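# Residue-level structural notes
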Amino acid sequence: MTGTLIQGGRVITATDDYRADVMIENGRVHAIGLDFEPGEDVDVHDASGLLVLPGGVDVHTHLEAEVGPAMTVDTFESGTIAAAFGGTTALVDFAQQPHGGSVIAGLDDWQARASRACVDVGAHMIITTFNDQTLADMKSILRSDGVTSFKMFMVMPGVMMIDDAELYRIMRMTGENGGLSCVHAENGLLIDVLIKEAVAQGRNEVLNHPKVHPASTEGEAAYRAIQISKLAEAPMYVVHVSSQDAVRHIAEARDEGTPVYAETCPHYLFLTEELYDAPDAEAAKYTMIPPLRSKEHQDALWRGLATDDLQIISTDHCPFCLEEKSWGLKYSKALGKESFAQMPNGAPGVETRLPLIYDGGVRTGRMSLNRFVQLNSTTPAKLFGLFPRKGTIAVGSDADIVLFDPEERWTIRAAEHHSRIDYSLFEGREVTGRVKKVFLRGQVIVDGDHWLGRAGGGEYLPRSNSGQV
Ligand code: URP
Ligand code: ZN
Ligand code: ZN
């Protein structure tokens, strides 16, 4: 077989929408045109009635990742199979500097595990311990290894938190070297006090989780990070924005022309804080940080997407099982059965992003099909140094393509997922729009319910400069 032809579909990019055939050769889009006559040696895929989308690019996942004493349950193999079934063909996952350890060791460790990925993967690096060696190593991986973005936590003092002076020095070096500083914006010192007060008062139920992460602490930290980035004259990116407080500061800064970018996630767009009122066994599903918020905050996120103050939808896929499974307690929310304060924070999502946003965004008229592609594929690829190889359908780009049925109605069920997680945030939700076929660099890896990819079939993605769109 010398080529692959996707015939008769509706090609959607961030800017275009037209009927065409897409010819693939050697893993790349070779030609886009009308009425190609395929030779006998061409593998033809009928896309009539289907949308032909660029593969999703998810720039926020935690696979086989340590989060405090816990460990996310998806391996690079299971997590990337789940991604593929969800129409995502490239991840930028979080490698992590071990606390008190070396950035280089963190990247080596991530590279070894990521070699089993089934879709293409790049790495951001989480910085947990700041010193001169950290800064030198960050510069080295930024320049030589294609790790062109870093995440700093303004929360979890003593475990992950980077202070303001450290943040300034990191942002300055990163900006000077063409990288992007990503921040988890929550005021860690205040949140720590609120958690301790709750526990001291015996308020250990999960319904206390959102109370100790109020929106004001997210807004304050976002504002502070923006001021630091302005001083450092460096671009920055706010991860997993959940509140109108943060959106307001981001919008204000962008209106002034400051290079501040931000993402939100499907759970903040579709779920609200009332879910914490359920019994702990159920409410535990939603212990992520920042937490789910009220409808008012949710409306601000949708407005932020409409005004481009939020430019990306990622998943923050950070899965911990609800129940302890054979692979151990540390992979589960059961670590926190005595108190929400001990519960690992994070939730799954890598497998459902595209259908959820198509159903709840495009079909409801909140966004166009072009904007859908821009938020899920094109801008993530552009902002994180993967474009034009990833994020679009264009001659010369990787043939990472999703055939998507815009009319199929189906029900989200964790039991049918490919992730190792034992629940879905969206269990029982009916959605319209389904991934039918997925091509990774021209190879079919998903065909309906069939998995045709392989562990190690993904490639490492060294990224060029980040923070520029
Ligand atoms: O609760 C969350 N978001 N867990 C994952 C780690 C992070 O902060 O992204
Ligand atoms: Zn975070
Ligand atoms: Zn995360």
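For the structure itself, consult the block above.
Let me sum up the structure you'll find in this document.

What counts and what doesn't
Every chain's residues receive numbers from 1 upward, in the order its sequence appears when written. For this description, chains carry letters from A and ligands carry numbers from 1, given in the order in which they are written. Residues qualify for local features only when their pLDDT is at least 70, as the model is predicted, and side-chain atom pairs are given and counted only at 80 or more; totals for whole chains, interfaces and linings, by contrast, use all residues. Side-chain measures were taken over the full set of non-hydrogen atoms in the model, leaving aside hydrogen atoms and water. For this description, a residue counts as near a given molecule or strand if any of its non-hydrogen atoms is within 4 Å of it. Polar contacts, as counted here, are pairs of nitrogen or oxygen atoms within 3.5 Å of one another; within protein the pair requires one atom able to donate a hydrogen and one able to accept it, and residues that are adjacent in sequence qualify only if both atoms are side-chain atoms. Note on areas: Shrake-Rupley with a 1.4 Å probe; residue coverage comes only from the protein chains shown. Cavity and pocket criteria rest on a 1 Å grid covering protein atoms alone: a 1.4 Å probe that fits but cannot get out defines a cavity, protein on both sides within 12 Å along at least 5 of 7 lines defines an open pocket, and an atom within 4 Å of a point defines a lining residue. Placement in a cavity or pocket follows one criterion, namely that more than half of the molecule's atoms lie within 2 Å of its grid points. All amino acids are sorted into three groups, where Ala, Val, Leu, Ile, Met, Phe, Trp, Tyr, Cys and Pro are nonpolar, Asp, Glu, Lys and Arg are charged, and the leftover types, Gly among them, are polar. Each metal site lists N, O and S donors within 2.8 Å (3.2 Å for Na, K and Ca). With water left out of the atoms, a site can look as if it is missing ligands. Labels follow the DSSP assignment, with helices taken as runs of H or I lasting at least four residues and strands as runs of E lasting at least two, numbered in each case from the N terminus. Exposure categories follow from relative accessible area, calculated using a 1.4 Å probe and restricted to protein chains: below 20% of the type maximum is buried, above 50% is exposed, and the middle band is partly exposed. Grid points are joined across faces, edges and corners, and a volume is the space filled by probe spheres set on the points. For four-coordinate sites, all angles between 85 and 135 degrees define a tetrahedron; for four- and six-coordinate sites, opposite donors beyond 155 degrees with the remaining angles between 65 and 115 define square planar and octahedral shapes respectively, and all other cases count as irregular. The contact definition used throughout considers only heavy atoms, calling two residues in contact when any of these lie within 4.5 Å.

If you check the shell around ligand 1, you find H60, H62, K151, F153, H184, H240, M288, I289, D316, C318, N345 and G346 and nothing else. Measuring from an oxygen atom of ligand 1, one finds a side-chain N or O atom of K151 at 2.8 Å. The separation between an oxygen atom of ligand 1 and a polar side-chain atom of H240 is 3.5 Å. Protein coverage of the free-state accessible area of ligand 1, which is 260 Å², stands at 98%. A molecule is said to occupy a pocket when more than half its atoms come within 2 Å of that pocket's grid points, and by this definition ligand 1 occupies the largest pocket. Each residue belonging to the shell around ligand 1 can be placed in one class, and the counts come to 4 nonpolar, 6 polar and 2 charged.

Looking at the metal site, the zinc ion (ligand 2) is ligated by K151 (NZ), H184 (ND1) and H240 (NE2), spaced 2.1 Å from it. Linear spacing of the donor residues for the zinc ion (ligand 2) on their chain is K-x32-H-x55-H. Separating the zinc ion (ligand 2) from the zinc ion (ligand 3) is a distance of 4.2 Å. Placement of H184 in strand 12 (residues 180-184) and of H240 in the loop between strand 13 (236-238) and helix 7 (244-255) is noted, with a sequence separation of 56 residues between them. Exposure class is identical for H184 and H240. Each is buried.

In this structure, the largest pocket encloses a volume near 720 Å³. If one sorts the elements of the lining of the largest pocket by residue count, helix 5 (residues 188-200) sits on top with 5 residues. When the residues that make up the lining of the largest pocket are grouped by side-chain class, the tally is 23 nonpolar, 12 polar and 5 charged.

Our next topic: unusual backbone geometry. Peptide bonds are mostly trans, and most non-glycine residues show a negative phi. Residues I289 and P290 are joined by a peptide bond in cis, for which omega reads -10°. Among the secondary structure elements, P290 is positioned in the loop between helix 9 (280-283) and helix 10 (295-306). Here the bond from F387 into P388 is cis, since omega is 5°, no more than 30 degrees from zero. Its place among the elements puts P388 in the loop between helix 12 (369-383) and strand 16 (401-411). Although it is not a glycine, N26 adopts a positive phi angle of roughly 50°. When you line up the elements, N26 lands in the loop between strand 2 (17-25) and strand 3 (28-33). Positive phi outside glycine occurs at E233, with the angle close to 50°. Structurally, the position occupied by E233 is in the loop between helix 6 (215-232) and strand 13. Judged by relative accessible area, which is 66%, E233 ranks as exposed.

Below, the discussion takes up the coordination of the zinc ion (ligand 3). Donor atoms from the polypeptide that coordinate the zinc ion (ligand 3) comprise H60 (NE2), H62 (NE2) and D316 (OD), at 1.9 to 2.1 Å from the metal. Angles of 89 to 125° at the metal separate the 4 donor atoms of the zinc ion (ligand 3), which places the site in the tetrahedral class. The sequence pattern describing where the donors of the zinc ion (ligand 3) fall on their chain is H-x1-H-x253-D. Classification of H62 by relative accessible area gives buried; the value is 6%. Judged by relative accessible area, which is 8%, D316 ranks as buried.

Along the chain, T315 turns up in the loop between strand 15 (312-313) and helix 11 (353-362). Overall, the relative accessible area of 1% leaves T315 in the buried class. For T315, the side chain forms a polar contact with the side chain of D58, separated by 2.6 Å. If we ignore the near neighbours within four places in the chain, the residues touching T315 are D58, H60, T61, C265, P266, H267, G349, V350 and R353.

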